[in-house]
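Coordinate analysis (summary)
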Amino acid sequence: MTSPRTNLRQELQQNRTNRVRVSGFDIDGVMRGKYLSAAKYLSALEGGLGFCDVIFGWDCADALYGTGGYTGWHTGFPDLLAKIDPATFRYIPWEQHTAMALVDYYRRDGTELPFCPRGLLKRITAAAAQMGYLPRTAVEYEFFLFDESAGSLHAKQYVDPRPESPGMFCYSLARATSRPEFVDALFAALEGVRIELEGFHTETGPGAFEASLRYDDAVTAADSAGLFKATVKEIARQHGLTASFMAKWNADLPGCGGHVHQSLLEPTNRENVFAAHDRAFGASFLALNYLAGQQQFLPEFMAMLAPTINSYKRLVPGAWAPVAATWGVENRTNALRLIPGLTSAATRIETRIPGADASPHLALAACLAAGLHGIKETLEPTAPTSGNAYEEQNVPTLPLSLHEATQRLRNSQVARSWFGDPFVDHFCMTRDAEWRAAGGAVTDWELRRYFEVI
């Protein structure tokens, strides 16, 4: 019988595929990768390949943390072991003779790297399986499209970028087809890399779009979310455009959410354990326990859902983003939206806290861990919000800044029990660095406010 490796070798030759992109996700959710020759890829399938550990030693702008942590000048930046996940192999339709695959990162001796985002999510889903549940998740993203190239944005220092289209046109089919060549190319690209959209429409804001990805197991859903963002950016660049998933690019416009939909299946019959249409709210006790866990602990895990300085500028009243850990049934003013669904299979919880700037693997890990902890402890949520959650009083609050969120994560014993001390310590170190970097910047706002008058 022919081995899978031999089959793949023949397939690559038949398709004239001579290079493969191998990529992984860093702590900010940014895809970091390299091209391998087809022969090198095939050999790396067995033993893995080296990948410089600097990807966990610098920020999204390639600035070193420099705090003497896991890696740095003091370690010499050795290689990690990157193991290819062969199930993620796919061909890239917009790049000739090229395929791609994702990797997980390990220490050089093959032991687990505790702050590999994909590895962390795998550990949480394994914990869910031990509890008797199969998580099903989906991510929906909002993003803005700009009529700018990387060069034009850099030349104007990212000030006043020009949106792809003007005006507020949510659900506008006319606006969605104003760039048919981009939309056609994007759908073809996503189909080619096996990312299925359930919905795509314009959002409220100039050049704003929303895409709803199809649900899947948690790791596959997070992979699809990360690949979706990367694909949108690539296809936009090919059409002279720039796509941004920044949480809040303009104070006067809605921000970009990265909402997470979740349900749990019973592993034998694959029934949705959240569904109970004969009960109040149309959801089971387990669903409410899960929801209560998120209501109580997502404020402690907030830095994983809102990981940048900019994240917290999205979370303001009246901007279609939550400001407190409230919940309601089919109520989009809340942080947690219980959706009974038209069928039992569609009953789910939508967590509306994450922004589009969050790492999908870390956001899903945080949501699942908080919910599963609620089931373990049989927690009960507060009373649901029936009206405007922005007007609610005496409700669980969310951190107001990355600094506060980082401190709450660092001090959270529940976070440490689910994610481990090494992850929490390393991740909080990276958020501290982000906070310091912002604090040292002189902004346009400061110049306008103080330059002349003070």
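Overview of the structure. (Residues numbered from 1 in each chain as written. Predicted model: local features only at pLDDT ≥ 70, side-chain atom pairs only at ≥ 80, totals over all residues. Heavy atoms only, no water.)

What follows is about the overall build of the protein chain. Each helix and strand in the protein chain was counted, giving 15 helices and 14 strands. In terms of C-alpha radius of gyration, the protein chain reaches 22 Å, essentially the compact-globule figure of 22 Å for 454 residues. In terms of overall dimensions, the protein chain has C-alpha extents of about 65 × 60 × 55 Å along its principal axes. Per-residue burial over the protein chain gives 55% buried out of 454 residues. For the protein chain, contacts bridging at least 24 residues in sequence account for 71% of all contacts bridging at least 6. Summed over its atoms, the accessible surface of the protein chain is roughly 20200 Å², and 53% of this surface lies on carbon and sulfur atoms. (Helix = DSSP H or I, 4+ residues; strand = E, 2+ residues; numbered from the N terminus. Rg over C-alpha atoms; globule rule 2.2 N^0.38 Å. Buried < 20%, exposed > 50% of the residue type's maximum accessible area, 1.4 Å probe, protein only. Contact = heavy atoms within 4.5 Å. Areas by Shrake-Rupley, 256 points an atom, 1.4 Å probe, with all protein chains shown as cover.)

Time to look at the pairing of strand 11 (residues 258–265). Within strand 11, eight of the eight residues are buried, which leaves the element mostly enclosed by the surrounding structure. A two-sided burial pattern is seen for strand 11, the buried positions comprising Gly258, Val260, Gln262 and Leu264 on one face and His259, His261, Ser263 and Leu265 on the other. Examined bridge by bridge, strand 6 (residues 134–146) and strand 11 share eight bridges and lie antiparallel to one another. Each residue of the ladder has a partner; that of alanine 138, found in strand 11, is histidine 261. Pairing geometry for strand 11 and strand 14 (residues 348–351), over three bridges, is antiparallel. Looking across to strand 14, one finds that valine 260 is bridged to threonine 351. (Pairing = 2+ DSSP bridges.)

A contiguous nonpolar surface patch, about 490 Å² in accessible area, is contributed by Trp445, Tyr450, Val453 and Ile454. On the secondary structure map, valine 453 appears in the segment after helix 15 (444–450). (Patch = residues over 30% accessible without salt bridge, like charges linked within 9 Å, V, L, I, M, F, W, Y side chains within 5 Å. Salt bridge = Lys/Arg side-chain N within 4 Å of Asp/Glu carboxyl O.)

Its identity as a non-glycine residue notwithstanding, aspartate 62 has a phi of 65°, on the positive side. Position of aspartate 62 relative to the elements: it lies in the loop between strand 3 (49–52) and strand 4 (79–91). At glutamate 330, a residue that is not glycine, the phi angle is positive and equals roughly 50°. Examined against the element boundaries, glutamate 330 turns out to sit in the loop between strand 12 (327–329) and strand 13 (336–339). Under the relative-accessibility criterion, glutamate 330 is labelled partly exposed at 42%.

Under the criterion given, the structure shown has 23 salt bridges. Measuring nitrogen to oxygen at the nearest pair gives 2.7 Å for the salt bridge that ties aspartate 104 to lysine 122. Pair noted here: aspartate 104 is in strand 5 (residues 98–106) and lysine 122 is in helix 3 (residues 117–130), with a separation of 18 residues, a long-range link. Its relative accessible area of 6% is what places aspartate 104 among the buried residues. Between arginine 352 and glutamate 350 there is a salt bridge, with the nearest N and O atoms lying 3.3 Å from each other. Judged by relative accessible area, which is 4%, arginine 352 ranks as buried. Because the salt bridges share partners, they merge into one network encompassing Asp85, Asp104, Arg118, Lys122 and Asp223.

How two aromatic rings sit relative to each other is given by the distance of their centres and the angle of their planes. As enumerated under the stated definition, the model contains 24 aromatic pairs in all. Measuring from ring centre to ring centre gives 4.9 Å for phenylalanine 146 and tryptophan 249, while their planes differ by 90°; the resulting arrangement is edge-to-face. In this pair, phenylalanine 146 sits in strand 6 while tryptophan 249 sits in the loop between strand 10 (242–244) and strand 11, placing the two residues 103 residues apart along the sequence. Note on phenylalanine 146: relative accessible area 4%, which makes it buried. For tryptophan 249, a relative accessible area of 22% gives the class partly exposed. When the ring of phenylalanine 419 is compared with that of phenylalanine 423, the centres are 5.9 Å apart and the planes differ by 65°; the resulting orientation is edge-to-face. Counting every residue linked through ring pairs, the aromatic cluster contains Tyr141, Phe143, Phe187, Phe200, Phe209, Phe228 and Phe245. It is lysine 34 that lies over the ring of phenylalanine 51; its NZ or CZ is 4.7 Å from the centre. Cation over ring: arginine 279 sits above phenylalanine 285, and NZ or CZ is 3.6 Å from the ring centre. (Phe/Tyr/Trp six-rings, centres within 6.5 Å; stacked < 30°, edge-to-face > 60°. Lys NZ or Arg CZ within 6 Å of the ring centre and 35° of its normal.)

Bringing the nonpolar core into the picture now. Counting residues in each nonpolar core, the largest one holds 127 residues, and the members touching the most others are Tyr105, Phe228, Phe301, Phe419 and Phe423. The greatest single-element share of this core, amounting to eleven residues, is contributed by helix 11 (residues 360–376). Setting aside residues no more than four positions away along its own chain, phenylalanine 423 makes contact with Ile27, Pro114, Phe115, Leu120, Met304 and Leu362. (Core = buried A, V, L, I, M, F, W, Y, C linked by side-chain atoms within 4.5 Å.)

Attention shifts here to the state of the cysteines. Scanning the model with the defined rule gives zero disulfides in all. Cysteine cysteine 116 shares no disulfide, and the gap to the nearest cysteine sulfur, in cysteine 52, comes to 15 Å. Counting only cysteine sulfurs, cysteine 256 is the nearest neighbor of cysteine 170, a cysteine outside any disulfide, at a range of 13 Å. (Disulfide = S-S within 2.5 Å.)

A few words on the environment of asparagine 272. With respect to the element layout, asparagine 272 can be found in the loop between strand 11 and helix 8 (285–297). Taking the C-alpha atoms as reference, asparagine 272 lies 9.3 Å from arginine 136; in sequence the two are 136 residues apart. A distance of 3.0 Å separates a polar side-chain atom of asparagine 272 from the backbone oxygen of serine 344. (Polar contact = N/O pair within 3.5 Å; in protein donor to acceptor, adjacent residues only side chain to side chain.)

Another aspect to go through is helix 12 (residues 402–410). What helix 12 keeps buried is the set Leu402, Ala405, Thr406 and Leu409. What you see down the axis of helix 12 is that its buried residues fit within an arc of 100°, all on one side. (Arc of directions from axis to C-beta.)

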